[in-house]
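Summary of structural features
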Amino acid sequence: HHPSGTNLSIRPLDAGRPDRAWVTWYEDRWKRTESYHADGLRSGTWRRYGRPARAEDGTVAQVVLREATFEDDALHGPFVRRFADGTVREEGRYERGLRHGPWVARAT
């Protein structure tokens, strides 16, 4: 828990190993991360969210700062990192933990 009493995270375990969805939140209750485990191994799509920001139209939203896919505890699949404004900073693909194919990186 955060000092204010709000949940910091929910992380289920199975026999002491991480299992299923793990979620963490910022103190103001906006989602910070979501990740997945199967039999203690990283799997599925993992996301890290930026702090919420108000758009010109008054709506509040979060940017997914990083999105990566894991299979059997190794990066495997699409990978994207974004700047705080949502524009893509870096993107490419991993195959069994190694960068594979073309990658695109953008400066600020």
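Rules behind the numbers
Residues numbered from 1 in each chain as written. Predicted model: local features only at pLDDT ≥ 70, side-chain atom pairs only at ≥ 80, totals over all residues. Heavy atoms only, no water. Helix = DSSP H or I, 4+ residues; strand = E, 2+ residues; numbered from the N terminus. Contact = heavy atoms within 4.5 Å. Areas by Shrake-Rupley, 256 points an atom, 1.4 Å probe, with all protein chains shown as cover. Salt bridge = Lys/Arg side-chain N within 4 Å of Asp/Glu carboxyl O. Buried < 20%, exposed > 50% of the residue type's maximum accessible area, 1.4 Å probe, protein only. 1 Å grid on protein atoms, 1.4 Å probe; cavity = no way out; pocket = protein on both sides within 12 Å on 5 of 7 lines; lining within 4 Å. Points joined across faces, edges and corners; volume = space filled by probe spheres on them. Nonpolar A, V, L, I, M, F, W, Y, C, P; charged D, E, K, R; others polar.

We now examine the overall build of the protein chain. In terms of helices and strands, the protein chain carries 0 helices and 12 strands. Counting from the amino terminus, helix and strand elements in the protein chain follow one another as β-β-β-β-β-β-β-β-β-β-β-β. Residue pairs at least 24 apart in sequence account for 13% of intrachain contacts in the protein chain once pairs closer than 6 positions are excluded. For the protein chain, the accessible area works out to roughly 7,200 Å², and carbon and sulfur atoms hold 50% of it.

Tallying each qualifying case throughout the model produces 9 salt bridges. In this structure, Arg-51 and Asp-28 form a salt bridge, with 3.9 Å as the shortest nitrogen-oxygen distance. Residue Arg-51 is located in the loop between β6 (41-49) and β7 (53-54), and its partner Asp-28 is located in the loop between β4 (20-25) and β5 (31-38); the two are separated by 23 residues in the primary sequence. Using a relative accessible area of 40% as the deciding quantity, one classes Asp-28 as partly exposed. Glu-90 is paired through a salt bridge with Arg-99; the nearest N and O atoms lie 2.7 Å apart.

We now examine the layout of surface pockets. The space that makes up the largest pocket amounts to roughly 180 Å³. Around the largest pocket, the lining residues are Thr-33, Glu-34, Ser-35, Trp-46, Arg-47, Arg-48, Arg-66, Glu-67, Ala-68, Phe-70 and Phe-79. Going through the elements one at a time, β5, β6 and β9 (64-71) are the ones with two or more residues in the lining of the largest pocket. At 4 residues, the largest contribution of residues to the lining of the largest pocket is made by β9. Along the lines of polarity and charge, the residues of the lining of the largest pocket split into 4 nonpolar, 2 polar and 5 charged.

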